[in-house]
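# Descriptive structure summary
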Amino acid sequence: MESRKEKAIELFKKGYNCSQSVVLAYADVLGLDWDVAAKMSASFGGGLGRLRHVCGTVSGMAMVAGMITASSDPKDKEQKKENYEMIQKLTKEFEKQNGSIICRELLGLDGGQTTVSEEYRTGAIPEPRSSEYYKKRPCPELVGQACEILDHMLFDPAEEGNS
């Protein structure tokens, strides 16, 4: 059986965005309909609609974690606290491993060397997926890393204290 990490990377390489790739890699275990999962996570790619804010993989992790740790009861303050704590742990681990959770920083768009052509730095037009695209983007690795973090913190909690 392929790992969630491998599945997410494969999904990204098929054209799904970063957030979709993470969420769809867990759709089966979360009981989510594929089309619903793809649509609900679509807007978070590229740091929220290519605005280059919070990395879509981090948003994807939050959506997966929410399905496991959140409550649908708005008065359940304890469950809300547990959910927020988990989101903070996931995000801190991602930031620890990458130095940021911000898409534009992860892509090198904040000063320094630009890794994305000027034509595709901003705006709503996704950059075409090509071998050159994958050479200059950390996105497939970040998608996989998000799944590793989720697997470690949510799906194998016995090892959580071992980090």
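These figures come from a predicted structure and were not determined experimentally. (Residues numbered from 1 in each chain as written. Predicted model: local features only at pLDDT ≥ 70, side-chain atom pairs only at ≥ 80, totals over all residues. Heavy atoms only, no water.)

### As for the overall build of the chain
Helix and strand counts for the chain come out as ten helices and zero strands. The secondary structure elements of the chain, listed N-terminal to C-terminal, are α-α-α-α-α-α-α-α-α-α. Counting the 163 residues in the chain, one finds 42% classified as buried. The contacts of the chain with a sequence gap of at least 6 include a subset with a gap of at least 24, amounting to 61%. Accessible area of the chain: about 9000 Å², with a carbon and sulfur share of 53%. (Helix = DSSP H or I, 4+ residues; strand = E, 2+ residues; numbered from the N terminus. Buried < 20%, exposed > 50% of the residue type's maximum accessible area, 1.4 Å probe, protein only. Contact = heavy atoms within 4.5 Å. Areas by Shrake-Rupley, 256 points an atom, 1.4 Å probe, with all protein chains shown as cover.)

### Looking at the environment of Glu6
As for its position among the elements, Glu6 is in helix H1 (residues 4-14). Given a relative accessible area of 45%, Glu6 falls into the partly exposed group. Taking the C-alpha atoms as reference, Glu6 lies 9.7 Å from Pro140; in sequence the two are 134 residues apart.

### Here's the deal with the side chain of Thr91
Counting through the fold element by element, Thr91 comes out in helix H7 (residues 77-98). At 2.8 Å, the side chain of Thr91 forms a polar contact with the backbone oxygen of Ile87. (Polar contact = N/O pair within 3.5 Å; in protein donor to acceptor, adjacent residues only side chain to side chain.)

### Digging into the side chain of Ser19
Relative to the helices and strands, Ser19 is located in helix H2 (residues 18-25). Once you skip the residues sitting within four places of it in the chain, Ser19 turns out to touch Ser41, Phe44, Gly45, Gly56, Thr57, Ser59, Gly60 and Met63.

### Points about helix H4 (residues 34-42)
Burial in H4 covers these residues: Ala37, Ala38 and Ser41. Angular distribution of buried residues about the axis of H4 spans 100 degrees; they occupy a single face of the element. Set apart from the buried face of H4 by more than 90 degrees, the exposed residues are Asp35 and Lys39. Lining the buried residues of H4 we find H2, helix H3 (27-30), helix H5 (45-48) and helix H6 (56-69). The opening residue of H4, the one whose side-chain oxygen lies 3.1 Å from the backbone nitrogen of Asp35, is Asp33. (Arc of directions from axis to C-beta.)

### Let's talk about the environment of Leu51
Here Leu51 is to be found in the loop between H5 and H6. The class for Leu51 is exposed, based on a relative accessible area of 52%. In this structure the C-alpha to C-alpha distance between Leu51 and Ala124, which are 73 residues apart in sequence, comes to 8.3 Å.

### Points about H2
Counted residue by residue, H2 has eight buried out of eight residues, so it is predominantly covered. Turning to H2, its buried residues are Cys18, Ser19, Gln20, Ser21, Val22, Val23, Leu24 and Ala25. Residues of H2 that are buried make contact with H1, H3, H4, H5, H6 and helix H10 (139-155). For H2, the N-terminal cap is Asn17; the gap from its side-chain oxygen to the backbone nitrogen of Ser19 is 3.0 Å.

### A look at the confidence of the model for the chain
Put simply, the chain has an average pLDDT of 88, and 88% of its residues get 70 or more. Counted against residues more than four places away or in other chains, residues 159-163, with its pLDDT under 50, gives five contacts. (pLDDT = per-residue confidence, 0-100.)

### What about the environment of Glu10?
Within the fold, Glu10 resides in helix H1. Given a relative accessible area of 36%, Glu10 falls into the partly exposed group. For Glu10 and Ala25, which are 15 residues apart along the polypeptide, the C-alpha to C-alpha distance reads 9.5 Å.

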